[in-house]
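Observations on the model geometry
The chain contents come next:
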Amino acid sequence: QIPLPPLATQKKIVALLDGAQSLIDKRKEQIALLDELIKSTFYTMFGDPVTNPMGWEKKKLNSVCDRITDGTHFSPKNLNAGVPYITAKHLSNSGLDFYSNPTFISEEAHKEIYSRCNPEKGDILYIKDGATTGIAAINQYEFEFSMLSSLALIKVNKLIINNYFLYQYLNNSVAKAFITKDMAGGAIKRLTVKKIKAIILPVPPLTLQSQFAEKVQSIEAQKARMQVGLEAMEELFGSLMQRAFSGEIE
């Protein structure tokens with residue numbers, strides 16, 4: 001059984017919903033264009049990350065970082081509350097998001113894991129296992145959390161490399177393909193910590209990296225505002241759908 005308003009009313013409902021969907025689609029396009037702007041800015045300032053046409057000095061990742069390690073190799077028991085516990089499922093091309101699917105472990109388990117792997121704000125988390133291997137994100141959270149071994153923790157040497165430059169380098173599609181082309185493993189492909197440490201990358205002057213970081217942060221702030229607007233639009237669209245099919249919209 002479905003509601004069947006007069007055809008003229010059906011057409012008005014369709015026009016209303018199409019208009020709302022069009023706004024959502026345009027907002028998504030705007031966000032995608034901002035992502036492309038970050039990528040094009042990277043190429044303009046630094047050139048191709050693999051061929052290195054600008055001739056930047058190349059260094060091993062381990063030599064420009066204070067520490068590279070990974071999370072626990074023994075999965076602790078998940079709890080409904082406790083200390084936040086972050087795995088590869090919390091990372092995507094959109095960044096790090098703990099709150100959409102929060103997981104927790106005990107304080108005791110956290111202390112043991114955190115003693116050897118201590119993520120702090122500004123560190124880079126890097127997926128090293130599974131289908132989404134190669135995605136990097138900057139930790140923006142102030143709170144302590146533990147990590148699973150599917151993630152690597154990268155602490156940059158701030159005197160040599162900017163964390164925004166490095167995370168954009170790791171997420172660059174050309175660089176990512178180059179880094180992951182010889183991944184180890186059988187059914188589940190993975191990057192080992194040893195291979196991550198051995199990644200060779202161009203290292204432009206820190207002042208130029210910092211200028212790039214400022215541009216990225218400005219663009220990402222704009223993206224965040226647009227994302228809030230997009231979520232509000234999608235909520236409104238859902239509300240319109242419910243009202244339309246419950247007969248509340250004439």
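Above this note sits the structure.
Residues numbered from 1 in each chain as written. Predicted model: local features only at pLDDT ≥ 70, side-chain atom pairs only at ≥ 80, totals over all residues. Heavy atoms only, no water.

1. Considering helix α1 (residues 7–46)
Along an α-helix, residues three or four apart share an orientation, since each turn contains 3.6 residues. Between its first and last C-alpha atoms α1 spans 58 Å; for 40 residues at 1.5 Å apiece the expected length is 58 Å, and the two agree. Residues T9, I13, L17, A20, I24, I31, L34, I38, T41, F42, M45 and F46 constitute the buried set of α1. Following α1 by one or two positions, G47 adopts a phi angle in the positive range, close to 80°. (Helix = DSSP H or I, 4+ residues; strand = E, 2+ residues; numbered from the N terminus. Expected span 1.5 Å × (residues − 1). Buried < 20%, exposed > 50% of the residue type's maximum accessible area, 1.4 Å probe, protein only.)

2. Notes on the pairing of strand β10 (residues 151–156)
For β10, the buried fraction is high: 6 of the 6 residues fall into the buried class. Burial along β10 is two-sided: the residues L151, L153 and K155 and A152, I154 and V156 are all buried. Where strand β7 (residues 124–127) and β10 come together, 4 bridges link them in antiparallel fashion. Bridging across to β10, I127 finds its partner in L151. (Pairing = 2+ DSSP bridges.)

3. A closer look at empty space enclosed by the protein
Counted by the stated rule, this structure contains 1 cavity of 30 Å³ or more. The space that makes up the largest cavity amounts to roughly 30 Å³. Surrounding the largest cavity, F42, F46, G47, D48, P49, W56, F165, P202 and P204 form its lining. Residue classes in the lining of the largest cavity are distributed as 7 nonpolar, 1 polar and 1 charged. (1 Å grid on protein atoms, 1.4 Å probe; cavity = no way out; pocket = protein on both sides within 12 Å on 5 of 7 lines; lining within 4 Å. Points joined across faces, edges and corners; volume = space filled by probe spheres on them. Nonpolar A, V, L, I, M, F, W, Y, C, P; charged D, E, K, R; others polar.)

4. Topic: the packing of α1 against helix α6 (residues 206–245)
Two elements in contact, α1 and α6, have axes whose closest approach is 10 Å; the angle formed by their N-to-C orientations is 170°. With respect to each other, α1 and α6 are oriented roughly antiparallel. As for how α1 packs across α6, the hand of that crossing is left-handed. (Axes fitted to C-alpha atoms, helices over the stretch in contact; angles between N-to-C directions. Parallel < 35°, antiparallel > 145°, perpendicular 65-115°, else oblique. Left-handed = near helix turned anticlockwise from the far one by under 90°.)

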